[in-house]
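Examining the three-dimensional arrangement
Chain by chain, the residues run as shown.
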Amino acid sequence: MPPRILARWLMLVGVLLLAFLGTVTTLNLTLYSASGFVSSYLSAVARHDVDGARRMPGVAVSPTGTDELLAPAALASLTDIHLVKDTDDGGGRHTVLYGYTIGGTESTSSFVVEHSGQRLGVFSAWRFVQSPQSLLSVTVKHGSGVRANGVALPPVTPDVAHAYRVLTPSRVVLTHNSTYLESVRVAPLVDQPASVTDATVDIQANPVFVREVQKQLDKFLAACTTQKVLLPTGCPMGTQITDRLQDAPTWSIVSYPIVTIAPGTNPGSWQIPETGGLAHLKVKVRSIFDGSLSTFDDDVPFTVRYVITFAGDGSPVITAQY
């Protein structure tokens, strides 16, 4: 090959080599950098690519917890991902801080990664030092069923913490809303790797439950007034009169007890705490001392206390506790 042509080939090879080295350098500073590694992980989370995120080096599976919150449908939206700071800690380690918006909430997460070798002999490889898979410990009080980001979770034991595996970052909106029960929305944010975040869902009676129980109680007490005796059977009102009755006692309700519903002592049960009402009794009596005739016409206070459970069809069942 003539020297002139050889020189051109050598120049071309040199240009290509420089271009290759420049590309490698650029990729090692971006895609294959510590921040680029974390960005790839966060992009997988944003795509709800759970399997892809969990396959990344250093994403270890916690030996505790269950995977219901790792279903793609249960992940919150992750947007506006941006690098805040990439700090070289020395020894091949970097601390990478990213900002983002998740489920409408702005936050930041710090990831520690370390250099783990080379890809194809030229590109930097990285792994998480602290696994970005964390735990969300949820305690459901006074019930068992909740929804997480709109997805129904399997029932859990009431008042006992249950651990769920989650990816960092995660924002989980926990709610309960059924025919008779509801909870205030709880939205824990898991924004740090290898962490445990606690959340409590407090299930309480809703207005429908209170109205239904009030309706049943009023109906029950109204039925009690049809009994023409001083001590209606199975009813909270009643009184003793030492004089002789001259006609059948007549009961009426002056004021019905105002129902409030609180959690019961047993799981799945509810109660009406002791509360008072007022009945009215009217009956003619004859004195056993002088034989005079008079009318007992007076209010008689009474109290009620009930336990409430649910029947198989979901309707409330009220049991008196006198």
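None of the values given here were measured: they were computed from a predicted structure.

**As for the side chain of Ser-107**
Inspection of the secondary structure puts Ser-107 in strand β3 (residues 105-119). Here Ser-107 falls in the buried class, since its relative accessible area comes to 14%. A polar atom in the side chain of Ser-107 sits 3.3 Å from the side chain of Asp-191.

**A few points about the state of the cysteines**
By definition, a disulfide links the sulfur atoms of two cysteine residues through a covalent bond. Under the counting rule described, the total for this entry stands at 1 disulfide. One disulfide bridge connects Cys-224 with Cys-235, the sulfur atoms lying 2.0 Å from each other. Around the S-S axis, the bridge from Cys-224 to Cys-235 shows a dihedral of about -90 degrees and counts as left-handed. Placement of Cys-224 in helix α4 (residues 207-224) and of Cys-235 in the loop between α4 and β14 (244-245) is noted, with a sequence separation of 11 residues between them. Across this residue pair, the class does not change: Cys-224 and Cys-235 are buried.

**Regarding helix α2 (residues 34-46)**
Helix length check: α2 (13 residues) gives 19 Å between terminal C-alpha atoms against 18 Å at 1.5 Å per residue, within 8%. Where α2 is concerned, the buried positions are Ala-34, Ser-35, Gly-36, Phe-37, Val-38, Tyr-41, Leu-42, Ala-44 and Val-45. Residue His-48 follows α2 closely and has a positive phi angle near 60 degrees.

**Some words on the packing of aromatic side chains**
Enumeration over the complete set of coordinates arrives at 9 aromatic pairs. For the pair Phe-209 and Phe-310, a centre-to-centre distance of 5.3 Å together with 35 degrees between the ring planes defines the contact as tilted. Placement of the pair is Phe-209 in helix α4 and Phe-310 in strand β18 (residues 293-310), with a sequence separation of 101 residues. With centroids separated by 6.5 Å and ring planes inclined at 90 degrees, the aromatic side chains of Phe-220 and Tyr-306 adopt a geometry described as edge-to-face. In this pair, Phe-220 sits in helix α4 while Tyr-306 sits in strand β18, placing the two residues 86 residues apart along the sequence. Note on Tyr-306: relative accessible area 3%, which makes it buried. Members of the aromatic cluster, each reached through a chain of ring pairs, are Phe-37, Tyr-41, Phe-111 and Phe-128.

**A few points about the confidence of the model for the protein chain**
Averaged over all residues, the pLDDT of the protein chain equals 89, while 88% of them reach at least 70. A low-confidence stretch, residues 12-31 (pLDDT under 50), is modelled with 13 contacts involving residues beyond four sequence positions or located in other chains.

**Observations regarding the nonpolar core**
If you look at the biggest cluster of nonpolar residues, it comprises 43 residues, and the most contacted ones within it are Leu-69, Leu-136, Phe-209, Met-237 and Ile-261. Listing elements by their share of this core, those giving two or more residues are β5 (133-141), β8 (162-167), β13 (196-205), α4, β15 (250-255), β17 (270-286) and β18. Element by element, the count of residues in this core is highest for β17, at 6 residues. Formed by 24 residues, the second largest nonpolar core is a distinct cluster that contains Phe-37, Val-45, Ala-53 and Leu-70.

**Details of the pairing of strand β1 (residues 78-90)**
In the case of a regular strand, side chains alternate between the two sheet surfaces. The pairing of β1 with strand β2 (residues 93-102) spans 9 bridges and is classified as antiparallel. By the bridge assignment for β2, Gly-90 is matched with Arg-93. Linkage of β1 to β2, two consecutive antiparallel strands, is achieved through a turn of 2 residues, within which Gly-91 is found at a positive phi near 70 degrees.

**As for the side chain of Ser-269**
By the element assignment, Ser-269 lies in the loop between β16 (262-263) and β17. According to the relative accessible area criterion, Ser-269 is buried, its value standing at 10%. Look past the residues within four positions of Ser-269 in its chain and what remains in contact with it is Pro-263, Gly-264, Val-307, Ile-308 and Thr-309.

**Some words on the environment of Asp-243**
Topologically, Asp-243 is positioned in the loop between α4 and β14. Sequence spacing of Asp-243 and Ser-287 is 44 residues, and the spatial spacing of their C-alpha atoms is 5.1 Å. Residues contacting Asp-243, with those up to four places away along its chain left out, are Val-285, Arg-286, Ser-287 and Ile-288. Side-chain polar atoms of Asp-243 contact the backbone nitrogen of Ile-288, separated by 3.4 Å.

**Re the pattern of salt bridges**
A complete count under the given rule lists 5 salt bridges for this structure. The partner of Arg-165 in a salt bridge is Asp-67, with the nearest N and O atoms 2.7 Å apart. Placement of the pair is Arg-165 in strand β8 and Asp-67 in the loop between α3 (50-54) and β1, with a sequence separation of 98 residues. Residue Arg-165 is classed as buried on the basis of its relative accessible area, which comes to 11%. For Asp-67, a relative accessible area of 34% corresponds to the partly exposed category. Residue Glu-114 is joined to Arg-127 by a salt bridge in which the shortest nitrogen-to-oxygen separation is 3.1 Å.

**Describing the sheet that holds strand β10 (residues 174-175)**
Spatial strand order, β7-β6-β10: 3 strands in an open sheet with antiparallel pairing. Of all strands in the sheet, those with a lone pairing partner are β7 (151-152) and β10, marking the two edges. Examined bridge by bridge, strand β6 (residues 147-148) and β10 share 2 bridges and lie antiparallel to one another. Within β10, the residue paired with Ala-148 across the bridge is Leu-174.

Conventions used here
- Residues numbered from 1 in each chain as written.
- Predicted model: local features only at pLDDT ≥ 70, side-chain atom pairs only at ≥ 80, totals over all residues.
- Heavy atoms only, no water.
- Helix = DSSP H or I, 4+ residues; strand = E, 2+ residues; numbered from the N terminus.
- Buried < 20%, exposed > 50% of the residue type's maximum accessible area, 1.4 Å probe, protein only.
- Polar contact = N/O pair within 3.5 Å; in protein donor to acceptor, adjacent residues only side chain to side chain.
- Disulfide = S-S within 2.5 Å.
- Expected span 1.5 Å × (residues − 1).
- Phe/Tyr/Trp six-rings, centres within 6.5 Å; stacked < 30°, edge-to-face > 60°.
- pLDDT = per-residue confidence, 0-100.
- Contact = heavy atoms within 4.5 Å.
- Core = buried A, V, L, I, M, F, W, Y, C linked by side-chain atoms within 4.5 Å.
- Pairing = 2+ DSSP bridges.
- Salt bridge = Lys/Arg side-chain N within 4 Å of Asp/Glu carboxyl O.

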